[in-house]
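Structure assessment
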Amino acid sequence: MSRERAADVARLLADDHCYVYVCGLKGMEAGVADAFRDVCLRHAMDWETLLPTLRESGRYHLETY
C-alpha cells in the first residue's frame, strides 16, 4: 500500500464492502498497521476504533508467517 494513495485507501476502509487481506512475513505486520494508522489520521478516521470493527465483521485478515 502506498501512502500516496491514502485518499483511495481511506475511501475503501470506510466502505462496508471492503475486505483487507494481509499476507506475508510476520515482521511486516507493524509496518502495515502503521501505514493504515497514518492513512486514518490524514482522513479524520480512528484506526484504533476501526481495526476492531473490521476484525469483528470478518473484514480484516492477517496471514503471516
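Before reading further, recall that the structure is shown in the block above.
This report concerns the structure included in the present document.

Parameters at a glance
Residues numbered from 1 in each chain as written. Predicted model: local features only at pLDDT ≥ 70, side-chain atom pairs only at ≥ 80, totals over all residues. Heavy atoms only, no water. Patch = residues over 30% accessible without salt bridge, like charges linked within 9 Å, V, L, I, M, F, W, Y side chains within 5 Å. Areas by Shrake-Rupley, 256 points an atom, 1.4 Å probe, with all protein chains shown as cover. Salt bridge = Lys/Arg side-chain N within 4 Å of Asp/Glu carboxyl O. Helix = DSSP H or I, 4+ residues; strand = E, 2+ residues; numbered from the N terminus. Buried < 20%, exposed > 50% of the residue type's maximum accessible area, 1.4 Å probe, protein only. Lys, Arg positive; Asp, Glu negative; His and termini not counted. Contact = heavy atoms within 4.5 Å. Disulfide = S-S within 2.5 Å.

Remarks on a nonpolar patch on the surface
A cluster of nonpolar residues, Leu 25, Met 28 and Tyr 65, forms a patch on the protein surface that exposes about 350 Å² of accessible area. Counting through the fold element by element, Leu 25 comes out in the loop between strand 1 (20-24) and helix 2 (29-42). Residue classification places Leu 25 among the exposed residues on the basis of a relative accessible area of 52%.

Remarks on the pattern of salt bridges
Summed over all chains, the structure comprises five salt bridges. A salt bridge links Arg 11 to Asp 8; its shortest N-O distance comes to 3.1 Å. Linking Arg 11 with Asp 8, this pair stays in helix 1 (residues 6-14), spanning three residues, or about one helical turn. Note that Arg 37 and Asp 34 form a salt bridge whose closest N and O atoms lie 2.8 Å from each other. On the criterion of helical spacing, the pair formed by Arg 37 and Asp 34 is a turn pair, its members being three residues apart in helix 2. The partly exposed category is assigned to Arg 37, whose relative accessible area is 28%. Among the ionic contacts, a cluster of salt bridges with common partners joins Arg 5, Asp 8 and Arg 11.

Structural notes on the side chain of Arg 59
Inspection of the secondary structure puts Arg 59 in the loop between helix 3 (47-56) and strand 2 (60-64). Look at Arg 59: it is buried, it has no salt bridge, and the nearest opposite charge is Asp 16 at 4.0 Å. Every residue in contact with Arg 59, bar those within four places of it in the chain, is listed here: Leu 13, Asp 15, Asp 16, Cys 18, Tyr 19, Val 20 and Leu 54.

Looking at the state of the cysteines
Within the structure shown, the criterion is met by zero disulfides. No disulfide involves Cys 18; its nearest neighbouring cysteine sulfur is the one of Cys 40, lying 11 Å away. No disulfide involves Cys 23; its sulfur sits 14 Å from the nearest other cysteine sulfur, which is in Cys 18.

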